[in-house]
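A structural walkthrough
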Amino acid sequence: MKWICRIAPLLLVASAVAAETRLGKPVTVEKATPVRELLEHPEAYLGKTVRVDGEITSVCQAMGCWMEVRDDSGASIRLKVEDGEIVFPKDGAGRKVAAQGTLEKLVLTPQEHAAALEHEAHETGKPVDRTRPAQGTTIYRLRGQGAVLR
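Residues numbered from 1 in each chain as written. Predicted model: local features only at pLDDT ≥ 70, side-chain atom pairs only at ≥ 80, totals over all residues. Heavy atoms only, no water.

Quick look at the overall build of the protein
A tally of helices and strands in the protein yields three helices and six strands. Listed by position from the N terminus, the elements making up the protein come as α-β-α-β-β-β-β-α-β. Split into buried and exposed, the 150 residues of the protein put 33% on the buried side. Within the protein, contacts between residues at least 6 apart in sequence are counted, and of these 72% link residues at least 24 apart. Only carbon and sulfur atoms are counted for the fraction: they give 57% of the accessible area of the protein, which is about 9,300 Å². (Helix = DSSP H or I, 4+ residues; strand = E, 2+ residues; numbered from the N terminus. Buried < 20%, exposed > 50% of the residue type's maximum accessible area, 1.4 Å probe, protein only. Contact = heavy atoms within 4.5 Å. Areas by Shrake-Rupley, 256 points an atom, 1.4 Å probe, with all protein chains shown as cover.)

Examining the pairing of strand S2 (residues 49-59)
Along a regular strand, successive side chains alternate from one face of the sheet to the other. Where S2 and strand S5 (residues 96-108) come together, seven bridges link them in antiparallel fashion. Among the inter-strand pairings, Val52 is bridged to a residue of S5, identified as Ala99. Turn length for the S2-strand S3 (residues 66-70) hairpin, with the two strands adjacent in sequence and antiparallel, is six residues, and the turn residue Gly64 shows positive phi of about 70 degrees. (Pairing = 2+ DSSP bridges.)

A closer look at the environment of Gln135
Residue position: Gln135 is located in the loop between helix H3 (110-124) and strand S6 (137-149). Distance in space between the C-alpha atoms of Gln135 and Leu108 is 8.5 Å, their sequence separation being 27 residues.

Comments concerning the nonpolar core
The biggest cluster of nonpolar side chains holds 26 residues, and the ones touching the most others in it are Val52, Met67, Phe88 and Val97. Contributing elements (two or more residues each) for this core: helix H2 (35-40), S2, S3, strand S4 (76-80), S5 and S6. Setting aside residues no more than four positions away along its own chain, Val52 makes contact with Ala32, Thr33, Val35, Leu38, Val69, Ile77, Val97, Ala98, Ala99 and Leu142. (Core = buried A, V, L, I, M, F, W, Y, C linked by side-chain atoms within 4.5 Å.)

Brief notes about the pairing of S6
Where strand S1 (residues 21-24) lies against S6, four bridges are found, and the strand directions are antiparallel. Pairing of Leu23 across the sheet is with Ala147, part of S6. By the bridge criterion, twelve bridges tie S5 to S6 in an arrangement that is antiparallel. Among the inter-strand pairings, Ala99 is bridged to a residue of S6, identified as Ala147.

Encoded structure:
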């Protein structure tokens with residue numbers, strides 16, 4: 001019976017390590033930046049490599065090329081990669097993640113924004129709200145480098 005007490009902690013550690021999924025490059029930034037901080041002061045972080053920790057709320061269902069991450073503040077940001085560079089698991093919603101990337105700014109014309117909404121509808125399977133007129137918009141997102149899913 002004593003051997004169970006010695007082996008049980010090792011099995012717990014082994015299962016916790018096995019439950020981690022590492023994607024892309026290693027996450028090397030030690031401290032996470034709150035998503036709310038990135039979105040409220042984006043100019044301070046543009047072009048810089050940052051880490052965000054949180055929960056995956058959605059993933060591209062077409063190619064696995066992006067995932068939306070919500071942190072403890074409730075703020076969300078998208079981590080985007082080139083198709084095939086990293087494939088985020090389509091069933092990843094609900095998992096915890098530490099993700100690393102470079103903050104980028106996209107300024108979209110009304111036509112580009114409408115096209116982006118159409119493309120996202122295709123990727124998520126959700127309909128586009130056509131009752132609202134297309135407007136230009138600015139989007140901040142992370143150009144993904146790597147992630148650790150738990």
